[in-house]
Amino acid sequence: AAGVIQSPRHLIKEKRETATLKCYPIPRHDTVYWYQQGPGQDPQFLISFYEKMQSDKGSIPDRFSAQQFSDYHSELNMSSLELGDSALYFCASSPRQAFYGYTFGSGTRLTVV
Amino acid sequence: RKEVEQDPGPFNVPEGATVAFNCTYSNSASQSFFWYRQDCRKEPKLLMSVYSSGNEDGRFTAQLNRASQYISLLIRDSKLSDSATYLCVVNIGPGGSYIPTFGRGTSLIVHP
């Protein structure tokens, strides 16, 4: 069965550089969520999209932006990267009401050096 | 105070043991509840949804207590492969938001 696809799997960037993470949700899932997970931490909600519109906003820094495109894939754009941005970034998708839970992608491991 | 609270553990148990985790949530309007399993450096994977009447899937049993605002996960006959972090996930639903809110996770270590 198709899963949530994230790319790239690993990314190394220098401070003050920019990064773009991509997420391809499960077909017919209309909602996408982005999470940041630091070492030993629980996933922290960043932002979500429903039907290509921003739905909810969490602890996403102003340096980050995201959007969902017409084919429902989403991109998280991160600028002026800081060392503290090093983390696992997960994307999850679900139907809107998520009665049956959420499916996560394998994540992008971002390392800022 | 976090919206979803879990004992981080670790719970260190021998193979074959029965172990139970609890998770409390603060928003009484919460509507959907899930247990996820996360292995080190991997994505969270859905273990089971938690229904009002309680539900069982093999060695795993989940229960919901709305009055006390907690959910539980019981694992019977623990296997080495059950070693992982178990994340409690809650969403409020249409009255608030469908955003999955995570607990910090409970670490389980099953040893021979």
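A word on the interface of chain B and chain A
Phase 1: Every contact between the two is made by 21 residues of chain B and, on the other side, 23 residues of chain A.
Phase 2: Across the chain B to chain A interface the summed buried area is about 1,800 Å²; carbon plus sulfur atoms make up 55%.
Phase 3: Counting the surface chain B buries against chain A, the share from its top three residues, Glu-43, Tyr-98 and Ile-99 of chain B, is 30%.
Phase 4: For the pair chain B and chain A, the number of links is 1 salt bridge.
Phase 5: Where Asp-42 of chain A meets Arg-104 of chain B, a salt bridge forms, and the shortest distance between an N and an O atom there is 2.8 Å.
Phase 6: Along the contact surface separating chain B from chain A lie 5 residue pairs in polar contact (both at pLDDT 80 or more).
Phase 7: Among the elements of the structure, strand 4 (32-38), strand 5 (45-50) and strand 9 (84-91) of chain B are those that each provide at least two residues to the side of chain B that touches chain A.
Phase 8: Looking at the side of chain B that touches chain A, the element that brings in the most residues is strand 4 of chain B, giving 4 residues.
Phase 9: When grouped by side-chain class, the residues that make up the side of chain B that touches chain A number 10 nonpolar, 6 polar and 5 charged.

What to know about the pattern of salt bridges
Two side chains with opposite charge may pair up if their charged atoms get near one another.
Phase 1: A full pass over the atoms with the stated rule returns 8 salt bridges over all chains.
Phase 2: Between Asp-39 of chain B and Arg-37 of chain B there is a salt bridge, and its shortest N-O distance comes to 2.9 Å.
Phase 3: Relative accessible area serves as the criterion here: at 29%, Asp-39 of chain B is assigned to the partly exposed category.
Phase 4: Salt bridges here are not isolated pairs; linked through shared partners, they connect Arg-63, Glu-82 and Asp-85 of chain A.

Quick word on the nonpolar core
Phase 1: Ranked by internal contacts, the top residues of the largest apolar core, which has 23 residues, are Phe-21, Trp-35, Ile-71, Leu-73, Ile-75, Tyr-86 and Leu-108 of chain B.
Phase 2: Look past the residues within four positions of Tyr-86 of chain B in its chain and what remains in contact with it is Gln-6, Phe-21, Trp-35, Tyr-36, Arg-37, Leu-47, Leu-73, Ile-75, Gly-105, Thr-106 and Leu-108 of chain B.
Phase 3: The next biggest cluster of nonpolar side chains, apart from the first, holds 22 residues, and it includes Val-4, Phe-49, Ile-60 and Tyr-89 of chain A.

Topic: the sheet that holds strand 8 (residues 70-75) of chain B
Residue and element names in this part refer to chain B.
Phase 1: The strand order across the open sheet formed by 5 strands is 1-3-8-7-6, and the pairing between neighbours is antiparallel. Edge positions in the open sheet fall to strand 1 (4-6) and strand 6 (55-57), since each of these has one partner strand only. When the angles between neighbouring strand axes are averaged without regard to direction, this sheet yields 20 degrees.
Phase 2: In the sheet, strand 1 pairs with strand 3 (residues 19-25) via 3 bridges, with the strands oriented antiparallel. Across the sheet, residue Val-4 finds its bridge partner in strand 3, namely Tyr-25.

What counts and what doesn't
- Residues numbered from 1 in each chain as written.
- Chains lettered and ligands numbered in written order.
- Predicted model: local features only at pLDDT ≥ 70, side-chain atom pairs only at ≥ 80, totals over all residues.
- Heavy atoms only, no water.
- Contact = heavy atoms within 4.5 Å.
- Buried area = accessible area lost by both parts, 1.4 Å probe.
- Salt bridge = Lys/Arg side-chain N within 4 Å of Asp/Glu carboxyl O.
- Polar contact = N/O pair within 3.5 Å; in protein donor to acceptor, adjacent residues only side chain to side chain.
- Helix = DSSP H or I, 4+ residues; strand = E, 2+ residues; numbered from the N terminus.
- Nonpolar A, V, L, I, M, F, W, Y, C, P; charged D, E, K, R; others polar.
- Buried < 20%, exposed > 50% of the residue type's maximum accessible area, 1.4 Å probe, protein only.
- Core = buried A, V, L, I, M, F, W, Y, C linked by side-chain atoms within 4.5 Å.
- Pairing = 2+ DSSP bridges.
- Axes fitted to C-alpha atoms, helices over the stretch in contact; angles between N-to-C directions.

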